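Coordinates in review
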Amino acid sequence: MVGNSGEMVSVSGIYKRYKDLPVLLNLSFDIPKGSIFGYIGPNGSGKTTTIKIMTGLIRDFQGEVSIEGRSIRNWSSELSSTIGYLPQQTSLQEWRTVDQTLYTFGRLSGLQASEVDKRIKEVTEMLGIAEYRKRKVSKLSGGTLQKVGMAQAMLHRPKLMVLDEPVAGLDPESRVLFKNLFRQLSREGTTIFFSSHILSDIEDVADTIGILGQGRMRYMGSMEELRERVGRSTEVSLETVEPIPDDRLLESLPGVSKVERVADNRFHIILQENGQIDTVVDSAIRAVLAQGLHIRGIHPNRQSLESLYLSYTDGEGRP
Ligand code: ADP
């Protein structure tokens, strides 16, 4: 067994396609024990697919996944008790009460009868849903349902929590509650893996982030390092009087990595890592004037974290 390393999860060379649609292309990453890992990528980029592979729900894939050194190819009850999973759409039995649902789940995940009641009390209090314990699941609002899903995922004190878009659709107060809970669980040694398509949802809580784009991990590292990259990289905002018909006019300039069209006459010109801001401004002015167009404004910006993220995912997943 190779379970003594510091990795809780090790994903290596995953390749997954649905019929003719390739989704994951050689995806690899490791998640250190105790970390809060934010998995971010646009809608449709393959986050849920990755999560379903990690939780044993999708078996038809190439590559290897191990959790605490155990391959998920040989699924065992030990793996089930190691993992707590919150699916994107919580599917709970609607005709039952919150207590009944949690009780059954707790027993199925290996808790003793005497433990389950105590634990249900604990987690429902932590999540602020104790007052709903006797309610039928069908009567709950979306946010409360999400909290019941979270209660279920953490009930058996899993070492690894895999949460698919856990804060999507929550009100701001509940988002804070969830994020504080992630921090608390992490301090207690739980590894948290959670996904989102919104950068701001993960940036203040994840210690490590992975950006999924084009089926691969486009960035993997600390939030600090990502912020440093933002500090280094820059972009130039350009507004012309007349529209610029073709982005290539700007894309082809030396030192330019990418051009985002904000409007027909407004552009963000994103520099290559070694691009010189003065050279890009100068050559953009020359190129625009050479077309007989007029400039209304041009100025350098620091790139936002959001636009750095978009540059990794490259517009993928959008219609
Ligand atoms: P994300 O969670 O990042 O939004 P998903 O993993 O849900 O992405 O989906 C990735 C891509 O795979 C999408 O284009 C989606 O439509 C497609 N997809 C997901 N599940 C299936 C399936 N069961 N059959 C066919 N295509 C699927």
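Quantities reported herein were computed from a predicted structural model and do not represent experimental measurements.

The rules behind these values
- Chains are numbered independently. Their residues run from 1 in the order of the written sequence.
- Restriction of local features to residues with pLDDT of at least 70 applies here, the model being predicted, together with a cutoff of 80 or more for giving and counting side-chain atom pairs; totals for whole chains, interfaces and linings are based on all residues.
- Here the side-chain values reflect all heavy atoms present in the structure, with hydrogen atoms and water set aside.
- Where helices are involved, their axes are fitted lines through C-alpha atoms of the stretch in contact, as for all axes, and angles between N-to-C directions lie from 0 to 180°.
- Each helix is a run of H or I in the DSSP string that is no shorter than four residues. Each strand is a run of E no shorter than two, and both are numbered from the N terminus.
- Note on angle classes: values under 35 degrees are labelled roughly parallel, values over 145 roughly antiparallel, values of 65 to 115 roughly perpendicular, and the remainder oblique.
- Pairs of residues are marked as contacts when any of their non-hydrogen atoms sit within 4.5 Å.
- Residues are grouped as follows: Ala, Val, Leu, Ile, Met, Phe, Trp, Tyr, Cys and Pro are nonpolar; Asp, Glu, Lys and Arg are charged; all remaining types, including Gly, are polar.
- Near residues are defined by distance, with any heavy atom within 4 Å of the molecule or strand qualifying the residue.
- Definition of a polar contact: a pair of N or O atoms within 3.5 Å, with one able to donate and the other able to accept a hydrogen when the atoms are protein atoms, and with sequence-neighbouring residues admitted only if both atoms are side-chain atoms.
- Method for areas: the Shrake-Rupley scheme with a 1.4 Å probe, in which residue coverage is limited to the protein chains shown.
- When DSSP finds at least two bridges between two strands, those strands are taken to pair.
- Each residue is placed in one exposure class: buried if its accessible area under a 1.4 Å probe, protein chains only, is under 20% of its type's maximum, exposed if it is over 50%, and partly exposed if it falls in between.
- Domain limits in this description derive from either an automatic procedure or a database domain assignment.
- Should the near helix be turned anticlockwise from the far one by less than a right angle, the crossing is termed left-handed; should it be turned clockwise, right-handed.
- Ring pairs shown here join Phe, Tyr and Trp side chains whose ring centres sit within 6.5 Å, with only the six-membered ring taken for Trp; geometry is labelled stacked below 30 degrees between planes, edge-to-face above 60, and tilted in between.

**Some thoughts on the packing of helix α5 (residues 142-154) against helix α6 (residues 172-187)**
Here α5 crosses α6 at 10°, and the two axes come no closer than 12 Å. Taken together, the axis directions place α5 and α6 in an arrangement best described as roughly parallel. Taking contact as the criterion, the partners of Q146, K147, M150 and M154 in α5 are, on α6, S174, L177, F178, L181, F182 and L185. Across the contact of α5 with α6, the residue classes tally to seven nonpolar, two polar and one charged.

**Side note on the site of the ligand**
As a matter of local geometry, the ligand sits amid Y18, L21, V23, P42, N43, G44, S45, G46, K47, T48 and T49. Measuring from a nitrogen atom of the ligand, one finds a side-chain N or O atom of Y18 at 3.5 Å. Note that an oxygen atom of the ligand is positioned 2.9 Å from one of the side-chain N or O atoms of K47. Contact with the protein chains covers 58% of the free accessible surface of the ligand, which is 560 Å². Looking at the shell around the ligand, the elements with two or more residues in it are β2 (21-32) and α1 (47-54). Examining the composition of the shell around the ligand, we find that three residues originate from one element, α1, more than from any other. Its residues assigned to classes, the shell around the ligand shows four nonpolar, six polar and one charged.

**Quick look at the sheet that holds strand β3 (residues 36-40)**
Strands sit in the order β6-β7-β8-β3-β9-β10 across an open sheet of six strands; the sheet is mixed. Whereas interior strands pair on both sides, the edge strands pair on one side only; in this sheet they are β6 (83-86) and β10 (216-222). Strand-to-strand twist across the sheet, computed as the mean angle between neighbouring axes with direction ignored, equals 15°. Sheet topology places β3 next to strand β8 (residues 191-196); five bridges connect them, and they run parallel. By the bridge assignment, Y39 is partnered in β8 with S195. Set on the sheet, helix α11 (residues 305-313) makes contact with β3, β9 (208-213) and β10; between it and β9 the angle comes to about 45°.

**Quick word on unusual backbone geometry**
Its identity as a non-glycine residue notwithstanding, K19 has a phi of 45°, on the positive side. Topologically, K19 is positioned in the loop between β1 (7-18) and β2. Residue K19 is classed as exposed on the basis of its relative accessible area, which comes to 78%. Here E68, not a glycine, exhibits a phi torsion of approximately 50°, which is positive.

**Focus: the side chain of D201**
Along the chain, D201 falls in helix α7 (residues 199-203). Overall, the relative accessible area of 4% leaves D201 in the buried class. Residue contacts for D201: discarding those within four places in its chain leaves V167, R175, K179, F194 and S196.

**A word on the domain arrangement of the chain**
Along its sequence, the chain is carved into domain 1 (7-228) and domain 2 (233-302). With centres defined by C-alpha atoms, the gap from domain 1 to domain 2 works out at 42 Å.

**A few points about the packing of helix α3 (residues 98-108) against helix α4 (residues 113-126)**
At a minimum axis separation of 10 Å, α3 and α4 run at an interaxial angle of 130°. Classified by the angle their axes make, α3 and α4 are oblique. α3 and α4 meet at a crossing whose hand is right-handed. Along its contact with α3, which presents D99, L102, Y103, G106 and R107, the element α4 presents A113, V116, D117, I120 and T124. A class-by-class count of the residues in the contact of α3 with α4 yields five nonpolar, two polar and three charged.

**Quick look at the packing of aromatic side chains**
A complete count under the given rule lists nine aromatic pairs for this structure. For the ring pair F178 and F182, a centre distance of 6.3 Å and an interplane angle of 70° mean the geometry is edge-to-face. Of this pair, F178 and F182 are both found in helix α6, four residues apart, which corresponds to roughly one turn of the helix. The burial state of F178 is the same as that of F182; both residues are buried.

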